[in-house]
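# What the coordinates show
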Amino acid sequence: MPMNHWLLKSEPETFGIDDLAALPQRTTSWDGVRNYQARNMLRDSMRKGDTAFFYHSNCENPGIAGIVRIARAGYPDASAFDASHRYFDPDSPAHAPRWYAVDVALVRKLSRVITLDELRAHAGKELAGMLLLRRGNRLSVTPVSRREWDFILALE
DNA sequence: GCCAACGTTGGC
DNA sequence: GCCAACGTTGGC
């Protein structure tokens, strides 16, 4: 079965690639996603073994900072059940979960950040279809084609 | 079902 | 900190 590729956004000030690298198993639950389109991808499309770019957003140097592997496919996001949690959602009780998470494990940090500027420089050609580069795109989970994946990694 | 108001995202 | 773009909410 062919592996799919993804791009996951995170704000490095909240949780960056180095935070993931510092965890004991270099693995974390990718929870807190509260957007239906992104939820659908976490729940329905991501499979164990898929790989994803770890993208730093809303920061000084936005871009792709590393590669992660999906270590566990979609499961209900328990952070929505806990009233004391910042991601609590009273409309997503445990018996009828609305939100989903996956587990991601660090594969490696890139030797350098492949910047948004750099990706944009190829938006007219090799990365013409890339969702991240669409104007006004805010989705925190987006698919990346095999072609885009290979092209971007060759930039490193 | 429409759409104005509101909250969030994220580059700059 | 600004603000454009977008998703969601809720009155009607």
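### Some points on the protein's contact with DNA strand C
The environment of DNA strand C is made up of Asn-35, Tyr-36, Arg-135, Gly-136 and Arg-138. Each atom of DNA strand C within 4 Å of the protein was assigned to sugar, phosphate or base; sugar and phosphate come to 72%. Take Arg-135: an N or O atom from its side chain is 2.5 Å from a phosphate oxygen of DNA strand C. Between DNA strand C and Arg-138 there is a distance of 2.7 Å, counted from a base oxygen to a side-chain nitrogen or oxygen. For the surface near DNA strand C, the class distribution of residues is one nonpolar, two polar and two charged.

### Some thoughts on the layout of surface pockets
Of the volumes computed, that of the largest pocket is approximately 850 Å³. Lining the largest pocket are 32 residues; nearest its centre among them are Lys-9, Ser-10, Glu-11, Ser-57 and Ser-140. Sorting the residues of the lining of the largest pocket by element identifies strand S1 (5-10), helix H1 (12-15), strand S2 (27-30) and helix H4 (116-120) as the ones contributing at least two each. With three residues, the single largest contributor to the lining of the largest pocket is S2.

### Description of helix H5 (residues 146-155)
Structurally, the α-helix is built with 3.6 residues per turn, so residues lying three or four positions apart point the same way. Those residues of H5 lying buried are Glu-148, Trp-149 and Ile-152. Projected down its long axis, H5 shows its buried positions confined to an angular sector of 100°, all on one face. Exposed and facing more than 90 degrees away from the buried side of H5 are Arg-146, Arg-147 and Ala-154. On its buried side, H5 packs onto S1, strand S3 (51-56), strand S4 (63-76), strand S5 (100-115), H4 and strand S6 (141-144).

### Looking at the protein's contact with DNA strand B
Neighbouring residues of DNA strand B: Lys-9, Tyr-55, Ser-57, Asn-58, Pro-62, Leu-116, Arg-120 and Arg-138. Among the atoms of DNA strand B close to the protein, meaning within 4 Å, 67% are from sugar or phosphate groups. Here a phosphate oxygen of DNA strand B sits 2.8 Å away from a polar atom, N or O, in the side chain of Lys-9. Asn-58 is positioned such that a nitrogen or oxygen atom in its backbone is 2.8 Å from a phosphate oxygen of DNA strand B. Broken down by class, the residue content of the surface near DNA strand B amounts to three nonpolar, two polar and three charged.

What counts as what
- Residues numbered from 1 in each chain as written.
- Chains lettered and ligands numbered in written order.
- Predicted model: local features only at pLDDT ≥ 70, side-chain atom pairs only at ≥ 80, totals over all residues.
- Heavy atoms only, no water.
- Near = heavy atom within 4 Å.
- Polar contact = N/O pair within 3.5 Å; in protein donor to acceptor, adjacent residues only side chain to side chain.
- Nonpolar A, V, L, I, M, F, W, Y, C, P; charged D, E, K, R; others polar.
- 1 Å grid on protein atoms, 1.4 Å probe; cavity = no way out; pocket = protein on both sides within 12 Å on 5 of 7 lines; lining within 4 Å.
- Points joined across faces, edges and corners; volume = space filled by probe spheres on them.
- Helix = DSSP H or I, 4+ residues; strand = E, 2+ residues; numbered from the N terminus.
- Buried < 20%, exposed > 50% of the residue type's maximum accessible area, 1.4 Å probe, protein only.
- Arc of directions from axis to C-beta.
- Contact = heavy atoms within 4.5 Å.

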